Amino acid sequence: MIRQAKGRTPRRPNKKPSSTQKDPVGVYCRVRPLGAEGEECCIEVISGTTIQLHAPEGFKTNRNGEYKETQYSFKKVFGVSMSQMELFEHVAKPLVDDLIHGKNGLLFTYGVTGSGKTFTMTGSPGQGGLLPRSLDMIFNSIGPYQTKRYVFKTDDKNGMEVQSEVDALLERQKRENNPSFPKPSSSRQKLDPEIADMIKSEEAFKTEGVDEDSSYSVFVSYIEIYNNYIYDLLEENQEDAIKPKWNGGGTPVRQNTEFIPPQSKILREDQNHNMYVSGCMEVEVKSAEEAFQVFWRGQKKRKVANTCLNRESSRSHSVLIVKLAQAPLDADGDNILQDKSQVTVSQLCLVDLAGSERTGRTGAEGTRIREAGNINQSLLNLRTCIEVLRENQMCGTNRMVPYRDSKVTHLFKNYFDGEGKVRMVVCVNPKADDYEETVLVMRFAEMTQEVEVARPVDRPICGFTPGRRHRNRAFKEELTRKLDERGGPIDGDVPFGLNQVVHSLPPLPSSELTDPNDDITLPRLIEALQNRHRIRQMMIDKYNNTANLMKSKLQELGSVHNSKDNLIHEQNGELGNLDKIIQNNKVELERMEKIIRMQEHKIDILQKTTKIYEDDKRSMKYELETRDQRLQRELSEKKRMEQRMQGQVTDTQYKWEKECDRRVNAMQLEMQNKLWVKDEKLKQLKAIVTESKTPGRPDPPPRQTQPQRPSREERLPAKRSASPSPVPTTTPVRPLHRRSHSAGGEKWVDHKPTSSLDLGTVLQPVIPNAIQVSAASGKALAKCDRYMLTHQEVGSDGEIQTKYVKGEVIQTRGGGQSVQFTDIETLKQELTAVPRRKRKSSEGAPGDGTGGSWTDVETRCSVAVEMRAGSNMGPSFEHHVNTKRRKP
């Protein structure tokens, strides 16, 4: 069976950024007050943009034990005295302005647990946070230009449809009559005391430059991300995300005893590659009070818990999505333009991130530990995405940003890709216990400020004449005023029609009677009345004919209408059947969607399981490769160690062989010197004995006998370290020169620096087969076996002494050469004059031909073999030449 080649999935083209201009992420810092007076503070506000962190007592940050103070800069720093209104004016107000002008925005709070994030976002009665003030500003700006409910209608694909006012009216009636649909909350209802009077009237804001020729509508959705699952907080019957789903009988919904996992919403991508939460409930609101009431209804369902650091600690990330749909009016300025392409949808996401925490400090157990782990993991994924974005922008790399590792980053990836402004409020607690976590938060904030986001472009203009709404309103007001002046359109039409009928009849003659015998006026009046009666009769006949004609036509129309009614009834019956089919299809579709959601959830679980297995596989593979590499390194290290030990054994063996040879040669030379000394002594003794037996010469006194001299000479060699005794002559005798054993067939490198002085000594090294160099080089060392360095230095007595440092050239494994020094020969010259010692009167004159023994060493050329005590080097020669004066 031939396997078909797997087709390559075409790569989706990257969406072009909305603008070439980029703005950095706006990062603000807010410092909350200390909880108790006298508590140690580790944060100091230096200026409006800079804060400084002090290490608390007992916390050393430097190796030398000094305290380290670090400064961090932000776009603006809000100290303890800053109000909620000032915070909103600098942080959220520009985002609301952009929202009304058709641009997206993302605002989220970040910090450790208990740092005031929820208070910054929500606030309290009388101190409304960023969220209620944003909603209030939106409705203050677009209040007069809002459409009626259901003119804008959301679809299931993150889009917005526009329908006529008639369709919107039918939709409203349908929802009012159907109890299954949730009733929209009215702003007239009594608000919850916890959210009443959040904003004072004098603190209200309003956007300038709102487009009056457009109609607006606001939609609100509220979700939470709990344990990396998305849940809709506005659903009427939301199941608890922790508890399993059971039916009313107390048994699981499934056939087996398995628990049904919590069903979360799914993130999808629309046709514009924007991420949205599929199946999330979007509520249309018409006032700030209604919007905040919807938010508070979902806020009560948010997961909170009591920890050691926070009484109401958020256990999930909450996201309030405010969508603003706007469409231009038609050319008359009366109705909304029925064109879906002209509808602009902008959204503002207000995110309250859960705080990072350490389980050791919060005292979390069981479920709280799992929640804290998921919170910290999602925040870590956010930090990783920011790091990769910063690296790609600063280093020019193209690393893939891991948005999909967390639902938080996956949901908001469009904002970091250039779909709107991004702002972050870093909330910090100045108490010393949070110092370490605060340092990590500051580093993340400092890194986030270096990320740049593409600036969104302005929305296109529809092309209609501006001021249409104002002109239409002025026209209606003028028309109403004129109709009011005429008394209304219905009351004026009836007298006008009667006057037309009266004026069509002939006028009546004068009916005034002045004379009882007048016979003209009455007959003329009777004739006029008869004439009018005839005309009236003619009009009645004409009216009857017209009425009959109209009746016949109405009958015909009635028959046609009846037939059409019958046709409509039949079509209604067919439509009813089709509605039933559609309802059945909808039920089937819902069932299939549930199956699809279940399958997608299973796929998600399988993907996570597969990811875990793949991670385990990669880790085990990496560990196996690491162990293999470690084993290979150990084997190679063992081989290198064996080679090194073998080389060391060889070098040591060679060194000891050379040392043994040197010692044997030294011992042989010492024995030869001793034999030579003994021979000389025997010769002297023989000469003395022979001279003493010469006839005619008296014997010397016993205390001055000649045999006492050899005893002094016997002591001298032991003191001179086996040096040969001088020859008994008046002229200096050149000592026996010891030839180095290296003067054979080996080649030498004679390294003599250019700074060496020529002292003119008699003893000079003569080395055959030598290469003379002034500086050692690898080329010269490669050709030779031995090495000698000439070194001159000034001794303690002020004289210059020459040292010849000898060594052996050894080839290294890398192809180079190294020199191992073996011994040092010293050549020293003394020029000082020493007074001679007088001879005994019994000894002959220096000019005598007799061979008497010497009484001083200054008359001889003394030769000695010098070897330092404890040295393993060979002997060296010292040659001393002294000029001796003779008596005249």
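All values reported here derive from a predicted model rather than from experimental measurement.

**Student:** Which residues make up the overall build of the chain, and what values do they have?
**Tutor:** Of the regular secondary structure elements, the chain holds 16 helices and 29 strands. Total accessible area on the chain is roughly 56,500 Å²; 53% of this is exposed by carbon and sulfur atoms.

**Student:** Account for the environment of K752, naming residues and giving values.
**Tutor:** Among the secondary structure elements, K752 is positioned in the loop between β23 (748–751) and β24 (770–773). K752 sits in the partly exposed class, given a relative accessible area of 46%. When the C-alpha positions of K752 and V773 are compared, they lie 6.3 Å apart, and in sequence the two are 21 residues distant. Not counting residues up to four positions away in its chain, the partners in contact with K752 are V773, S774 and T790.

**Student:** Which residues make up the sheet that holds strand β4 (residues 50–54), and what are the values?
**Tutor:** Here three strands make up an open sheet; going across it, the order is β3-β4-β5 and the pairing antiparallel. The open sheet terminates on both sides in strands that have one partner only, identified here as β3 (43–45) and β5 (69–73). In this sheet, adjacent strand axes meet at a mean angle of 25 degrees when their direction is disregarded. For β4 and β5, the ladder comprises five bridges, and the chain directions are antiparallel. When the bridges of β5 are listed, L53 appears paired with T70. Relative to β4, helix α11 (residues 435–448) is tilted by about 145 degrees, and along the sheet it contacts β3, β4 and β5.

**Student:** Requested: an account of the sheet that holds β23, with residues and values cited.
**Tutor:** Read across the open sheet, the five strands follow the order β24-β23-β25-β26-β27; overall the sheet is mixed. Two strands in the sheet have a free side with no partner beyond their single neighbour: β24 and β27 (817–828). Within this sheet the neighbouring strands show an average axis-to-axis angle of 25 degrees, counted without direction. Strand direction decides the pairing type here: strand β25 (residues 786–794) and strand β26 (residues 800–811), joined by nine bridges, are antiparallel. Looking at β26, one finds that H791 is bridged to K803.

**Student:** Give a detailed account of the nonpolar core, specifying residues and quantitative values.
**Tutor:** Ranked by internal contacts, the top residues of the largest apolar core, which has 56 residues, are I51, F74 and F412. Among residues more than four places away in sequence, those in contact with I51 are C29, I43, E44, V45, I46, T70, Q71, Y72, F74, V77 and M442. In this structure, L99, L130, M137 and V322 belong to the second largest nonpolar core, which totals 44 residues.

**Student:** Let's hear about the environment of D405: which residues, and what values?
**Tutor:** As for its position among the elements, D405 is in the loop between α8 (367–395) and α9 (407–411). In the structure, D405 is positioned 177 residues away from N228 in sequence and 9.7 Å away in space, judged by C-alpha atoms. Not counting residues within four places of it along the chain, the set of residues in contact with D405 comprises N228, N381 and K611.

**Student:** Tell me about the packing of aromatic side chains, and please be specific about residues and values.
**Tutor:** On inspection of all chains with the given rule, the structure shows eight aromatic pairs. With centroids separated by 4.6 Å and ring planes inclined at 40 degrees, the aromatic side chains of Y110 and F444 adopt a geometry described as tilted. Taken together, the residues Y110 in strand β7 (residues 105–110) and F444 in helix α11 connect sequence positions 334 residues apart. An aromatic cluster is defined as three or more aromatic residues linked by ring pairs; in this entry it consists of Y222, F292, F295 and W296. Taking NZ or CZ as reference, K76 lies 5.9 Å from the ring centre of F78, over its face.

**Student:** Mind laying out a nonpolar patch on the surface, listing which residues take part and the relevant values?
**Tutor:** Together, L575, L578, I581 and I582 line one region of the surface with nonpolar side chains, adding up to about 340 Å² of accessible area. Inspection of the secondary structure assignment puts L578 in helix α14 (residues 521–692).

**Student:** Outline the packing of helix α4 (residues 130–142) against helix α6 (residues 288–299), supporting the account with residue identities and numerical values.
**Tutor:** It is the contact of α4 with α6, at a shortest axis distance of 9 Å, that shows an interaxial angle of 150 degrees. Considering their axes alone, α4 and α6 lie roughly antiparallel with respect to each other. In this structure, the crossing between α4 and α6 has a hand that is right-handed. Note on element contacts: α6 touches α4 through A288, A291, F292 and F295, opposite L131, P132, L135, D136 and F139. Split by residue class, the contact of α4 with α6 holds eight nonpolar, no polar and one charged.

**Student:** Account for a negative patch on the surface, naming residues and giving values.
**Tutor:** Judged by side-chain charge, E39, E40, E57 and D433 come together as a negatively charged surface patch. Tracing the backbone shows D433 in the loop between β21 (421–428) and α11. When its relative accessible area of 52% is taken as the criterion, D433 is described as exposed.

**Student:** Describe α4, naming the residues involved and giving the relevant values.
**Tutor:** Between the first and last C-alpha of α4 there are 19 Å, a value that for 13 residues agrees with the 18 Å anticipated at 1.5 Å per step. Of all the residues in α4, the buried ones are L130, L131, P132, R133, S134, L135, D136, M137, I138, F139, S141 and I142.

**Student:** With reference to specific residues and values, describe the pattern of salt bridges.
**Tutor:** Per the counting criterion, the structure on display carries 27 salt bridges. Its salt-bridge partner being E659, residue R662 comes within 2.4 Å of it at the nearest N-O pair. Residue R662 and its partner E659 are located together in helix α14, separated by three residues, close to a single helical turn. Across this residue pair, the class does not change: R662 and E659 are buried. One salt-bridge network, in which partners are shared between bridges, spans E659, R662 and R663.

**Student:** Tell me what's going on with unusual backbone geometry, and back it up with residues and numbers.
**Tutor:** For Y150, which is not glycine, the phi dihedral falls at a positive 70 degrees. Along the chain, Y150 turns up in the loop between α4 and β10 (152–154). For N158, which is not glycine, the phi dihedral falls at a positive 65 degrees. Relative to the helices and strands, N158 is located in the loop between β10 and β11 (160–162).

**Student:** So, α11: which residues are in play, and what are the values?
**Tutor:** Relative to the 20 Å expected for 14 residues at 1.5 Å per residue, α11 spans 20 Å between its end C-alpha atoms, a close match to the ideal helical length. Taken across its 14 residues, α11 has ten buried, putting it largely inside the fold. For α11, every residue scored as buried is listed here: Y435, E437, T438, V439, V441, M442, F444, A445, M447 and T448.

**Student:** So what's going on with the pairing of β26? Which residues, and what values?
**Tutor:** A large share of β26 lies buried, amounting to nine of its twelve residues. With eleven bridges joining them, β26 and β27 adopt antiparallel strand pairing. Within the sheet, the bridge partner assigned to I810 lies in β27 and is S818. Between β26 and the antiparallel strand that follows it, β27, lie five residues; G815 among them carries a positive phi value of about 95 degrees.

**Student:** Which residues make up the packing of helix α1 (residues 84–91) against helix α2 (residues 93–100), and what are the values?
**Tutor:** Direction vectors running N to C along α1 and α2 enclose 50 degrees, while the axes themselves pass 4 Å from each other. Classed by the angle they form, the pair α1 and α2 counts as oblique. Contact residues: F88, E89, H90 and V91 in α1; K93, P94 and L95 in α2. The residue makeup of the contact of α1 with α2, split by class, is four nonpolar, one polar and two charged.

**Student:** Any chance you could break down the environment of P466 for me, citing the residues and the numbers?
**Tutor:** Structurally, the position occupied by P466 is in the loop between β22 (452–454) and α12 (468–486). Each C-alpha atom, one on P466 and one on A331, is 9.4 Å from the other, the two residues being 135 residues apart in sequence. Apart from residues no more than four positions distant in its own chain, P466 is found in contact with D213 and R471.

About the criteria used
- Residues numbered from 1 in each chain as written.
- Predicted model: local features only at pLDDT ≥ 70, side-chain atom pairs only at ≥ 80, totals over all residues.
- Heavy atoms only, no water.
- Helix = DSSP H or I, 4+ residues; strand = E, 2+ residues; numbered from the N terminus.
- Areas by Shrake-Rupley, 256 points an atom, 1.4 Å probe, with all protein chains shown as cover.
- Buried < 20%, exposed > 50% of the residue type's maximum accessible area, 1.4 Å probe, protein only.
- Contact = heavy atoms within 4.5 Å.
- Pairing = 2+ DSSP bridges.
- Axes fitted to C-alpha atoms, helices over the stretch in contact; angles between N-to-C directions.
- Core = buried A, V, L, I, M, F, W, Y, C linked by side-chain atoms within 4.5 Å.
- Phe/Tyr/Trp six-rings, centres within 6.5 Å; stacked < 30°, edge-to-face > 60°.
- Lys NZ or Arg CZ within 6 Å of the ring centre and 35° of its normal.
- Patch = residues over 30% accessible without salt bridge, like charges linked within 9 Å, V, L, I, M, F, W, Y side chains within 5 Å.
- Salt bridge = Lys/Arg side-chain N within 4 Å of Asp/Glu carboxyl O.
- Parallel < 35°, antiparallel > 145°, perpendicular 65-115°, else oblique.
- Left-handed = near helix turned anticlockwise from the far one by under 90°.
- Nonpolar A, V, L, I, M, F, W, Y, C, P; charged D, E, K, R; others polar.
- Lys, Arg positive; Asp, Glu negative; His and termini not counted.
- Charge placed at Lys NZ, Arg CZ, Asp CG, Glu CD.
- Expected span 1.5 Å × (residues − 1).

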